[in-house]
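Chain residues, written in single-letter form:
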Amino acid sequence: MKTKVIFLSIISLFTLVCCSYGETYKSYDFKYWNDCETLTNLTNYVKDVVNPNSENYIPKQDRIVTFDFDGTLFGERSPIYVEWMFYQDYFDNYYQGDKDYLVTYQVDDTYRSVTLRDVYNEIETFRTGEENPNLEMDEANAGAVLFSGLSITQYREKVSAYIEKDAECFNNLKIKDMYYLPMKEIVSFLQLNEFTTYICSGTDRFMCRTMACEKFNIPTNQVIGMDVSLYSNDQHELIRGDRLIYKTVKDVKAQLILQEIGKQPVLSFGNSSGDIKMHRIAITRNPYKSMAFMVVADDMTRERGYTREQLEKRTKDWGDFSLFSMKNDWKTIYGDNVTLKNS
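Read on for a plain summary of the structure. (Residues numbered from 1 in each chain as written. Predicted model: local features only at pLDDT ≥ 70, side-chain atom pairs only at ≥ 80, totals over all residues. Heavy atoms only, no water.)

1. Looking at the nonpolar core
Of all hydrophobic cores here, the largest spans 87 residues; its most connected members are Met183, Ile186, Leu190, Phe195, Leu267 and Phe269. Each residue touching isoleucine 186, except ones within four places of it in the same chain, is listed here: Phe30, Trp33, Leu39, Leu42, Phe67 and Phe269. Residues Ile64, Ile224, Ile261 and Met278 belong to the second largest nonpolar core, which totals eight residues. (Core = buried A, V, L, I, M, F, W, Y, C linked by side-chain atoms within 4.5 Å. Buried < 20%, exposed > 50% of the residue type's maximum accessible area, 1.4 Å probe, protein only. Contact = heavy atoms within 4.5 Å.)

What follows is the structure, given as structure tokens:
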């Protein structure tokens, strides 16, 4: 009997030790980062909340993290959003329909009408630096029509073929490799410490899945993005329809995070005003200790960053968030062999 008690005690102790070990903080070798206060604050945060003896401990099932995609994990300025460049590429090389197809959609209490060619030209104008306040929604609604009729498989194949092209504004970089190496490390570090990572993007959900899931080891059901209508054909294939359901930015992004995840994130990472509502969801009245981070595109040498005046405008409402500086905090962005063209 005594032997049995001793044996059971050893087993219990072994189980306790194993469980405790499983809960310990996992450090990470950040190869692409300089020493910086914001990264230190993040690692200290993680060290604190994964410690079961801390008053700030967060159970694994509640360690939810949301990441924006363009400009946060992936370059958005070569020279513009990859989704918009893909629109132009598909229009040029594959689209065989009526180039004057009219798209009409409601904006508040009024209606706006554009053709697929209009949007193509709007994107071209945006490349020159002229801002069009309607472009985001014009492209989303026209894009639904442009890619309608493609099966999900066909659409993803088109995306995969497109991102094999060279990144327009860089030397030695393909579109498929336009991932911020320091941010890939952040994702891996959080996953190592058993945080569940979501991508929440204004980019098409299936485009995001094609480009990001394998790169970041994120399951497809952990990608939230812009959605269009879908239907099944006679062969039971899922086909893209011609109607935009929602563009996942600002309020809509925040709503879908709570709707699809069902829990309040404890960490949030973004890079623009479109991510502020997502951040507020994470840090407002959260029962757990929470933080929100912004990536600041202030590097004009290794990335097509913003000027000081542009940054002042972009960051004026970022006072509640922690900031990562591309210029000061990152040892590299895309890799040391990647350079800006004409730099």
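2. Considerations on helix H10 (residues 276-283)
Within H10 the residues assigned to the buried category are Ile276, Met278, His279 and Ala282. Around the axis of H10, the buried residues are gathered within 160° of arc, so they sit on the same side. Check the buried side of H10 and you find it contacts strand E1 (64-67), strand E5 (196-204), helix H9 (250-261), strand E8 (267-270) and strand E9 (291-296). Downstream of H10 by one or two residues, arginine 285 has phi in the positive range, about 50°. (Helix = DSSP H or I, 4+ residues; strand = E, 2+ residues; numbered from the N terminus. Arc of directions from axis to C-beta.)

3. Digging into unusual backbone geometry
Glycine aside, a negative phi is what most residues show, and trans is what most peptide bonds show. In this structure, proline 79 follows serine 78 across a cis peptide bond, with omega equal to -5°. Secondary-structure assignment places proline 79 in the loop between E1 and helix H3 (82-93). At arginine 285, a position not held by glycine, the phi torsion is positive, near 50°. When you line up the elements, arginine 285 lands in the loop between H10 and E9.

4. What about the pattern of salt bridges?
In this structure the tally under the stated criterion is 21 salt bridges. Among the ionic pairs, lysine 215 bridges to aspartate 177, the shortest N-O distance being 3.2 Å. One end of the pair, lysine 215, is in helix H8 (residues 205-216); the other, aspartate 177, is in the loop between strand E4 (170-171) and helix H7 (181-192), with 38 residues separating them in the sequence. Relative accessible area serves as the criterion here: at 33%, lysine 215 is assigned to the partly exposed category. Looking at aspartate 177, the relative accessible area reads 31%, which means it is partly exposed. Close ionic contact of aspartate 317 with lysine 316 constitutes a salt bridge, the shortest N to O distance being 3.2 Å. Using a relative accessible area of 43% as the deciding quantity, one classes aspartate 317 as partly exposed. Taking relative accessible area as the criterion, lysine 316 reaches 60% and is therefore assigned exposed. Several salt bridges converge on common partners, so that one network encompasses Asp68, Lys253 and Asp275. (Salt bridge = Lys/Arg side-chain N within 4 Å of Asp/Glu carboxyl O.)

5. Notes on the pairing of E8
Burial along E8 is two-sided: the face carrying Leu267 and Phe269 and the face carrying Ser268 and Gly270 are both buried. Note that E8 and E9 share four bridges and pair parallel. Counted as the bridge partner of glycine 270 is methionine 294 from E9. Once you follow E8 into H10 and on to E9, the crossover reads as right-handed. (Pairing = 2+ DSSP bridges. Right-handed = clockwise from strand over helix to strand, strands pointing away.)

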